[in-house]
Amino acid sequence: MLQSIEEYAIGLGDENKRFFGGDKINMVDIAFSGITYWLGIIEDVSDIKLLEPHKFPRLSQWVENFKQVPVIKQNLP
């Protein structure tokens, strides 16, 4: 799943875009927001790094970009 997101979804058509649909978050980003929270918890609990920046550079950057949006940053647990 992560590989598919990396290859086909993020920055589709323009790899310089910060989010799925461009430079602003949209419904697709919100739908994938579970990755930002739950994947981190799974990695902590299992002590296995799943989202490695060298394997998934665009997805890793998307997670960081998403977490930095003020409204998201204020509401993530």
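Before reading further, recall that the structure is shown in the block above.
Residues numbered from 1 in each chain as written. Predicted model: local features only at pLDDT ≥ 70, side-chain atom pairs only at ≥ 80, totals over all residues. Heavy atoms only, no water.

### Some words on the nonpolar core
Inclusion rule: Joining through side-chain atoms within 4.5 Å is the link that ties buried Ala, Val, Leu, Ile, Met, Phe, Trp, Tyr and Cys residues into a set, and such a set is a nonpolar core. Burial classes: relative accessible area under 20% of the type maximum marks a residue as buried, over 50% as exposed, and values in between as partly exposed (1.4 Å probe, protein chains only). Helix numbers and strand numbers start at the N terminus; a helix is a DSSP run of H or I with at least 4 residues, a strand a run of E with at least 2. In what follows, residue pairs with any heavy atoms lying within 4.5 Å of each other are defined as contacts.
One finds Ile5, Ile10, Ile35, Leu51, Leu59 and Trp62 to be the most contacted residues of the largest nonpolar core, which totals 15 residues. Ranked by residues supplied to this core, first place goes to helix H4 (residues 57-68) with four residues. Residues contacting Ile10, with those up to four places away along its chain left out, are Ile5, Phe20, Arg58, Leu59 and Trp62.

### A word on the side chain of Glu6
Note that Glu6 resides in helix H1 (residues 2-9). The exposure class of Glu6 is buried, given its relative accessible area of 7%. Ignoring any residue separated from it by four or fewer positions in sequence, one finds Glu6 in contact with Phe56, Pro57, Arg58 and Leu59.

### Some remarks on the environment of Tyr8
Inspection of the secondary structure puts Tyr8 in helix H1. The class of Tyr8 is exposed, set by a relative accessible area of 56%. Separated by 18 residues in sequence, Tyr8 and Asn26 place their C-alpha atoms 17 Å apart.

### Re the layout of surface pockets
To locate leftover empty space, one rolls a probe as large as a water molecule over the atoms. The condition is simple: Two kinds of site are reported from a 1 Å grid over the protein atoms alone, namely cavities, where a 1.4 Å probe fits but cannot get out, and pockets, open sets with protein on both sides within 12 Å along at least five of seven lines, and residues are called lining when an atom falls within 4 Å of a point. Grid points are joined across faces, edges and corners, and a volume is the space filled by probe spheres set on the points. For this classification, the nonpolar set comprises Ala, Val, Leu, Ile, Met, Phe, Trp, Tyr, Cys and Pro, the charged set comprises Asp, Glu, Lys and Arg, and every other residue, Gly included, is treated as polar.
Taken as a whole, the largest pocket spans an internal volume of roughly 200 Å³. The wall of the largest pocket is formed by 15 residues, among which Glu43, Lys49, Leu51, Val63 and Lys67 lie closest to the centre. Mapped onto the lining of the largest pocket, the elements with two or more residues apiece are helix H3 (33-46) and H4. Top contributing element to the lining of the largest pocket by residue count: H3, with eight residues. Here the residues of the lining of the largest pocket are counted per class, giving seven nonpolar, three polar and five charged.

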